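Okay, here's what each chain looks like letter by letter:
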Amino acid sequence: MKVLKFGGTSVGSAQRMKDVAKLITDGEQKIVVLSAMSGTTNTLVEISDYLYKKNPEGANEVINKLEAKYKQHIDELFSTEEYKQKTLEFVKSVFDYIRSFTKDIFTLFEEKVILAQGEIISTNMVTNYLCEQGVKAVLIPALEFMRTDKNSEPDLNYIREKLALQLEANPGQEIYITQGFICRNAYGEIDNLQRGGSDYTASLIGAAVNASEIQIWTDIDGMHDNDPRVVDKTSPVRQLHFEEAAELAYFGAKILHPTCVQPAKYANIPVRLLNTMEPSAPGTLISNETEKGKIKAVAAKDNITAIKIKSSRMLLAHGFLRKVFEIFESYQTPIDMVCTSEVGVSMSIDNTKHLNEIVNDLKKYGTVTVDHDMCIVCVVGDLEWENIGFEAKAIQAMRNIPVRMISFGGSNYNISFLIRESDKKTALQSLSDVLFNNK
Ligand SMILES: Nc1ncnc2c1ncn2[C@@H]1O[C@H](COP(=O)(O)OP(=O)(O)O)[C@@H](O)[C@H]1O
Ligand SMILES: N[C@@H](CC(=O)OP(=O)(O)O)C(=O)O
């Protein structure tokens, strides 16, 4: 069985939903994971922000506007009064539920319930549309099987078991629709897999049912060799190793959520990135195969802060790095890049919540400098150390850019540069020109 995920852009209007319905009705049995219509989750975040700030009038205004939009989508989607009314009633009940949160105290718990509603609406709309079209489709609610454990990690055994029960309870269906992104936590409360987490849902379901393939459908023909929003002339990459895809997703290639690669990789299930607007395009296949001696793509991650600690006492001192890393660990702040020399260590982080505390603690061991508004540019491909010439090419492309850190050798798949965010566009364009466009 295949698992197909359609992102917010792919179900972003009534017409798009109709296109998706056409695309998935080929007679083959499948599980279809849907995101909320594009923009909805952001609007639900906005509503929550009003409620945190104790502004129910502001929240209600946004709720009413969003509900009106949905009424319009439903009007365009359905051709029969029966299904139109049925869906309108459901959506009204969801918005009434959202409104009920404007009257009481508002905490993280209520926010998570509100954020879950986008996927609950979109899956109801598409399932009802498929049924209206006479397709054998059923909605299997993610909240019945998708669960995280006490460490907030997906509980794959539970997911496997409960999903199998849901499928068994609905035999003979062509299409099983479910919600991406949303789940329950170890205490049974409504939670989510973090923003963009619908890809993760698809990958977890793929691993749980041992799918033959996981397909991530979006609005572009696969992973491009650079960020198409920033760089001119990017091209789709046809094949990626799981590790290459993970590096690209982690370092900013928005098309794929970073957490999504792991479950597919462990279960060795190929992941295909496909384009809803151009279904016959080959897209990108992510698998265990490596294409030897090839640089595949470049990605960039913004909002990075660099921290350098210099210490003369570090000379020949063992245990110094442990002390430094322990400080980051105690503030639950992950480090992205690390470069060391005999007199100092530079590190980069993207979560600055505890930056002041970290810097104060580090000062016990040496002089600390901080650079804000930095960006990691990551070149990904077969970069095994014995392959020659690739590092030189990447560095040649960066010849006019001030580089704060370089990291190579941490994996066989990447070389990373830390630069100023303001130099990102020039750096990405230059890397594309040198690495892919032979300029
Ligand atoms: N390297 C890349 N390759 C392809 N798309 C990328 C890349 N980097 C950024 N993107 C952007 O990611 C977008 C698709 O991701 P996303 O917004 O998550 O889609 P969806 O709403 O379907 O989940 C594309 O439209 C594209 O602009
Ligand atoms: N709707 C959620 C989950 C998601 O993955 O959306 P998308 O597939 O559109 O990135 C979000 O906006 O975070």
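Residues numbered from 1 in each chain as written. Chains lettered and ligands numbered in written order. Predicted model: local features only at pLDDT ≥ 70, side-chain atom pairs only at ≥ 80, totals over all residues. Heavy atoms only, no water.

(A) Focus on the sheet that holds strand β4 (residues 175-179). Read from one edge of the open sheet, eight strands run β3-β4-β2-β1-β7-β9-β10-β8, paired in mixed fashion. The sheet terminates laterally at β3 (137-139) and β8 (239-241), the two strands that pair on one side only. Mean inter-strand twist for the sheet, computed between neighbouring axes without regard to direction, equals 20 degrees. The pairing of strand β7 (residues 213-218) with strand β9 (residues 271-275) spans five bridges and is parallel. Residue pairing in the sheet places Gln 215 in a bridge with Arg 272 of β9. Helix α6 (residues 117-132) contacts β2 (30-34), β3 and β4 of the sheet and is inclined by roughly 165 degrees relative to β4. (Pairing = 2+ DSSP bridges. Helix = DSSP H or I, 4+ residues; strand = E, 2+ residues; numbered from the N terminus. Axes fitted to C-alpha atoms, helices over the stretch in contact; angles between N-to-C directions. Contact = heavy atoms within 4.5 Å.)

(B) View of the domain arrangement of the chain. Considered domain by domain, the chain is made up of domain 1 (2-219) and domain 2 (296-435). The centre of domain 1, based on its C-alpha atoms, is set 38 Å off from the matching centre of domain 2. (Domains from an automatic or database assignment.)

(C) Expanded view of the pairing of strand β1 (residues 2-6). With respect to burial, β1 is a largely interior element, four of its five residues being buried. Relative to β7, β1 runs parallel, the two sharing five bridges. Across the sheet, the residue bridging to Leu 4 is Gln 215, located in β7. Pairing between β1 and β2: five bridges, direction parallel. Across the sheet, residue Lys 2 finds its bridge partner in β2, namely Lys 30. With helix α1 (residues 14-24) bridging β1 and the parallel β2, this β-α-β connection has right-handed handedness. (Buried < 20%, exposed > 50% of the residue type's maximum accessible area, 1.4 Å probe, protein only. Right-handed = clockwise from strand over helix to strand, strands pointing away.)

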